[in-house]
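Examining the three-dimensional arrangement
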Amino acid sequence: MTARVANRRIRLLIALFAAVFAVALLRAGWLQAVRAQALGNMATSQHRETIEVPPHRGTIYDRLGVELAVGSRATTVYANPRQIRDPRAAAMAVEQTLGLNADKVYALLADRSRGFVYIERQADSGLAQALQDKHIQGLGFYDEERRDYPQKRIGASVLGYAGVDNKGLAGLELELDKTLTGTQGEKTIVKDPFGRTLQVVDSKPGSDGKNVYLTLDHSIQGQVERVLAETRERWMAKSASAIVMDPRTGGILAMANDPGYDSNKFSQVPQDRQRNRAVTDTYEPGSTFKIVTISGALESGIVTPSTKFTLPYEIQVADRKIHDAEPRGTQTMTTDQILSRSSNVGVVTIAQEVGEAGINDWIHRFGFGRPTGIDYPGESKGIVLPPEKWSGSTIGNVPIGQGIAVTPVQMIAAYGAIANRGVMIEPHLVERIGNGEAPQPVRRRVVTTKTADEVRHMLREVVEEGSGTAAQVPGYRIAGKTGTAAKPDGTGGYSTSAYVASFVGFVPAKHPRLVILVTVDEPRGAIWGGVVAAPAFAQIANFALQYLEIPPD
Amino acid sequence: MIVAALLAGIVALNVAVLRLNMRVDQLDNQRDELVTKRENIQSQLSATAAAGRIEELATKALHLGVPASTTYLELKHRRP
């Protein structure tokens with residue numbers, strides 16, 4: 001080979017290397033100049049991530065600090081069916097760890113038309129970890145907060161519930177949702193290829209939800225629910241409700257409805273059973289409503305406790321005949337006796353003295369016809385006939401608690417006013433929020449102390465000698481009133497078989513610490529408030545007095 | 001030499017910071033796990049201490065009776 005040929009080959013090789021180098025240089029320049037932004041963004045997206053830091057939902061406590069609703073960490077399990085290699089094996093693994101039905105899970109995992117399916121929302125973290133440890137491709141896990149109700153049935157209709165998204169859907173969980181839900185935080189991290197955090201670039205702090213302290217006492221609540229369940233079973237009733245309130249503060253110590261439900265299983269319970277009937281439902285109160293007319297007449301000076309009336313068994317009011325519950329001859333009764341013996345004729349006679357306008361005024365002064373303002377959603381204002389719609393016979397109905405519909409919470413607020421020496425205090429369930437001070441409830445004088453004391457004395461006689469003797473608690477003086485009201489039959493008249501039996505009273509009679517109301521809807525076997533509801537009152541009062549160590553007067 | 005040493009120092013510092021960040025992240029995760037455990041225990045404690053559960057155990061398992069009544073004694077203050 002001549003030197004000329006060798007030189008030519010060397011120059012060719014150098015040119016080739018130079019060309020390759022030039023291409024590489026151009027490529028590098030293109031990547032670093034033209035594609036720099038796009039590639040930089042790709043790299044950032046791979047090693048930077050913005051994570052949402054969900055807030056912890058506030059806990060709901062009873063008045064003693066016992067948890068009624070608490071958040072606990074759970075793990076949601078999901079799957080991408082397109083990445084599941086062996087759906088049957090994966091379904092079996094899910095059944096073994098999470099306890100779900102393998103066939104149902106297999107149906108989800110085998111559906112490759114979907115890229116995301118939930119296997120179980122808010123599963124137990126320990127069980128989910130066991131599944132995660134099996135490293136099944138296609139299964140994913142993330143932490144969520146689950147709302148637990150450790151007391152299960154206790155206070156269920158009051159607490160309500162939060163759904164799978166940790167949002168309040170009913171009851172106090174709904175009413176206080178903004179307070180209980182905090183604000184979400186955020187942090188941007190730089191992570192390595194293994195997902196480990198190398199640096200926190202930016203963070204926006206969130207805040208957890210506030211804790212709420214209720215006036216409810218879980219022990220009294222549990223006892224009330226037990227008594228209601230026994231009462232409903234004993235009298236084969238449709239439902240029963242009860243409220244226990246401290247008349248000095250308006251704080252509700254217990255608010256129960258039966259049948260109840262387990263808050264942890266709210267999705268399996270019909271909506272009808274979830275209602276807090278004590279606040280949302282109305283009933284015709286019957287004789288328990290008589291304190292409105294009597295209090296109004298005393299306060300207006302129209303009667304005194306010893307004013308005498310000559311009362312026949314039956315009187316005519318417009319087109320209606322009003323009579324007492326028990327047949328009797330014409331008798332003379334004082335105002336005192338009219339209430340303690342629950343004389344319909346006596347109350348209507350006094351009501352006629354007060355007048356339609358006066359009765360209507362007193363109905364509203366005792367808070368009927370409008371919400372009490374209790375901190376619970378969906379409160380009913382009841383049904384009160386406006387004065388312009390009163391007929392001639394209305395004065396014969398309403399004063400004895402028919403032709404008017406009230407809620408249990410309205411009724412207990414009214415009796416609370418009598419118990420609290422004439423001052424009505426707005427009933428409430430929330431004692432305080434977080435470490436804040438307890439708000440002062442609204443107070444309003446309804447009648448004078450003198451009138452309240454006089455009515456209280458009359459109500460004592462109901463329990464000591466009248467229709468409410470079954471409400472007695474040994475060692476204590478109790479003041480209260482029975483109620484037995486026929487339910488409307490839907491055709492403008494009243495049923496002869498469906499009644500609401502009730503008893504509302506307070507104890508100790510001289511310095512009341514508890515006001516208790518019990519209503520029983522459609523009892524069978526007996527319909528009288530004194531027979532059906534009064535014994536339940538006595539059981540609840542007996543427990544609460546001992547539990548709270550309230551001595552007799 | 002000095003520049004090389006300074007560069008090595010900067011690298012070492014950055015590595016130390018990265019290690020600390022990873023440790024902080026681990027501790028964050030541990031804290032979250034402990035918070036989870038504490039919440040779960042709190043929830044179990046509430047359920048265990050539920051008045052209804054205790055009453056049921058007392059009456060059905062231990063055969064204890066519910067007191068029928070309470071008697072109050074009022075003691076008069078006696079002067080010494």
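Right above here is the structure, for reference.
Read on for an overview of the structure. Small disclaimer: the values here were computed from a predicted structure and weren't measured.

Overview of the overall build of chain A
When helices and strands are counted, chain A shows 19 helices and 22 strands. For 553 residues, the compact-globule estimate of 2.2 N^0.38 gives 24 Å, and the C-alpha radius of gyration of chain A, at 35 Å, exceeds that figure by more than 25%. Structurally, chain A occupies a C-alpha span of about 150 × 50 × 45 Å along its principal axes. Every one of the 553 residues in chain A was classed for burial, and the buried ones make up 52%. For chain A, restricting intrachain contacts to residue pairs at least 6 apart in sequence, the fraction spanning at least 24 positions comes to 70%. Accessible surface, chain A: about 25,500 Å² in total, of which carbon and sulfur atoms supply 52%. Averaged over its 62 positive side-chain charges, chain A has a centre that lies 9 Å from the centre of its 58 negative ones.

What to know about the interface of chain B and chain A
Chain B puts 23 residues into the contact, and the matching count from chain A is 29 residues. Surface buried jointly by chain B and chain A totals about 2,000 Å² across both partners, of which 47% is contributed by carbon and sulfur atoms. Between the two partners, chain B and chain A, sit 2 salt bridges. For B:Asp28, the salt bridge identified is with A:Lys187, shortest N-O distance 3.9 Å. At the surface where chain B touches chain A, the tally comes to 4 residue pairs in polar contact (both at pLDDT 80 or more). Looking at the side of chain B that touches chain A, the elements that each hand over two or more residues are helix H1 (2-48) and helix H2 (51-61) of chain B. Sorting elements by how many residues they give to the side of chain B that touches chain A places H1(B) first, with 13 residues. Split by residue class, the side of chain B that touches chain A holds 9 nonpolar, 9 polar and 5 charged.

Description of the packing of helix H12 (residues 290-299) of chain A against helix H18 (residues 449-464) of chain A
Residues and elements named next belong to chain A. H18 packs onto H12 with a crossing angle of 140° between their chain directions and a minimal axis gap of 9 Å. As judged from the angle between their axes, H12 and H18 are oblique. Relative to H18, H12 is oriented so that their crossing is right-handed. Contacts from Ile291, Ile294, Ser295, Leu298 and Glu299 of H12 reach H18 at Thr451, Glu454, Val455, Met458 and Leu459. A breakdown of the residues in the contact of H12 with H18 according to their chemical character gives 6 nonpolar, 2 polar and 2 charged.

Topic: the sheet that holds strand E12 (residues 252-258) of chain A
In sheet architecture, strand pairing relies on hydrogen bonds along the backbone and comes in two forms, parallel and antiparallel. All names here are of chain A. Ordered by their spatial adjacency, 5 strands build an open sheet running E12-E11-E22-E21-E20, and the pairing between neighbours is antiparallel. A single partner strand is all that each edge strand has here, and the edge strands are E12 and strand E20 (479-488). Along the sheet, successive strands turn relative to each other by an average axial angle of 10°, direction set aside. One ladder, built from 9 bridges, connects E20 with strand E21 (residues 494-507); its direction is antiparallel. Pairing of Thr484 across the sheet is with Ala501, part of E21. Against the sheet, helix H9 (residues 218-234) contacts strand E11 (239-245), E12 and strand E22 (514-521), and its axis sits at roughly 30° relative to E12. Its contacts with the sheet place helix H17 (residues 408-419) against E11, E12, E20, E21 and E22, and it is angled at close to 150° to E22.

Structural notes on a nonpolar patch on the surface
Together, A:Leu13, A:Leu16 and A:Phe17 line one region of the surface with nonpolar side chains, adding up to about 350 Å² of accessible area. Position of A:Leu16 relative to the elements: it lies in helix H1 (residues 3-33).

A short note on unusual backbone geometry
Residue and element names in this part refer to chain A. Put simply, Asp258 and Pro259 share a cis peptide bond, and its omega is 5°. As for its position among the elements, Pro259 is in the loop between E12 and helix H10 (271-274). Here Val507 and Pro508 are connected by a cis peptide whose omega angle stands at -15°. A positive phi is found at Met236, a non-glycine position, where the angle reads about 50°. Turning to its location among the elements, Met236 is positioned in the loop between H9 and E11. Even without being glycine, Ala318 reaches a positive phi, approximately 50°. Structurally, the position occupied by Ala318 is in the loop between strand E14 (314-317) and strand E15 (320-323).

Details of the layout of surface pockets
Size it by volume and the second largest pocket reaches roughly 1,200 Å³. At the level of elements, helix H6 (156-159), H9, E12 and helix H19 (529-547) of chain A together with H2 of chain B are the ones that each hand at least two residues to the lining of the second largest pocket. No other element matches the 10 residues that H9(A) contributes to the lining of the second largest pocket. Class assignment of the residues belonging to the lining of the second largest pocket gives a composition of 18 nonpolar, 14 polar and 13 charged.

Remarks on the environment of A:Met458
Residues and elements named next belong to chain A. Its location among the elements puts Met458 in helix H18. Given a relative accessible area of 0%, Met458 falls into the buried group. Spatially, the C-alpha atoms of Met458 and Ser340 are 5.6 Å apart, while their sequence positions differ by 118 residues. Look past the residues within four positions of Met458 in its chain and what remains in contact with it is Ile294, Leu298, Pro305, Thr335, Asp336, Leu339 and Ser340.

Describing the pairing of strand E13 (residues 308-311) of chain A
Residue and element names in this part refer to chain A. Of the two faces of E13, only one is covered, namely that formed by Phe309 and Leu311; the face formed by Lys308 and Thr310 stays uncovered. In the sheet, E13 pairs with strand E16 (residues 331-334) via 4 bridges, with the strands oriented antiparallel. Along E16, the bridge assignment pairs Phe309 with Met333.

What about H9(A)?
Residues and elements named next belong to chain A. In this model H9 runs 24 Å from its N-terminal to its C-terminal C-alpha over 17 residues, within 8% of the 24 Å that 1.5 Å per residue would give. If you check which residues of H9 are buried, you get His218, Ser219, Ile220, Gln221, Gly222, Gln223, Val224, Glu225, Val227, Leu228 and Thr231. The N-cap residue of H9 is Asp217: its side-chain oxygen and the backbone nitrogen of Ser219 are 2.9 Å apart. Looking one or two residues past H9, Met236 carries a phi angle of roughly 50°, positive in sign.

Basis of the calculations
Residues numbered from 1 in each chain as written. Chains lettered and ligands numbered in written order. Predicted model: local features only at pLDDT ≥ 70, side-chain atom pairs only at ≥ 80, totals over all residues. Heavy atoms only, no water. Helix = DSSP H or I, 4+ residues; strand = E, 2+ residues; numbered from the N terminus. Rg over C-alpha atoms; globule rule 2.2 N^0.38 Å. Buried < 20%, exposed > 50% of the residue type's maximum accessible area, 1.4 Å probe, protein only. Contact = heavy atoms within 4.5 Å. Areas by Shrake-Rupley, 256 points an atom, 1.4 Å probe, with all protein chains shown as cover. Lys, Arg positive; Asp, Glu negative; His and termini not counted. Charge placed at Lys NZ, Arg CZ, Asp CG, Glu CD. Buried area = accessible area lost by both parts, 1.4 Å probe. Salt bridge = Lys/Arg side-chain N within 4 Å of Asp/Glu carboxyl O. Polar contact = N/O pair within 3.5 Å; in protein donor to acceptor, adjacent residues only side chain to side chain. Nonpolar A, V, L, I, M, F, W, Y, C, P; charged D, E, K, R; others polar. Axes fitted to C-alpha atoms, helices over the stretch in contact; angles between N-to-C directions. Parallel < 35°, antiparallel > 145°, perpendicular 65-115°, else oblique. Left-handed = near helix turned anticlockwise from the far one by under 90°. Pairing = 2+ DSSP bridges. Patch = residues over 30% accessible without salt bridge, like charges linked within 9 Å, V, L, I, M, F, W, Y side chains within 5 Å. 1 Å grid on protein atoms, 1.4 Å probe; cavity = no way out; pocket = protein on both sides within 12 Å on 5 of 7 lines; lining within 4 Å. Points joined across faces, edges and corners; volume = space filled by probe spheres on them. Expected span 1.5 Å × (residues − 1).

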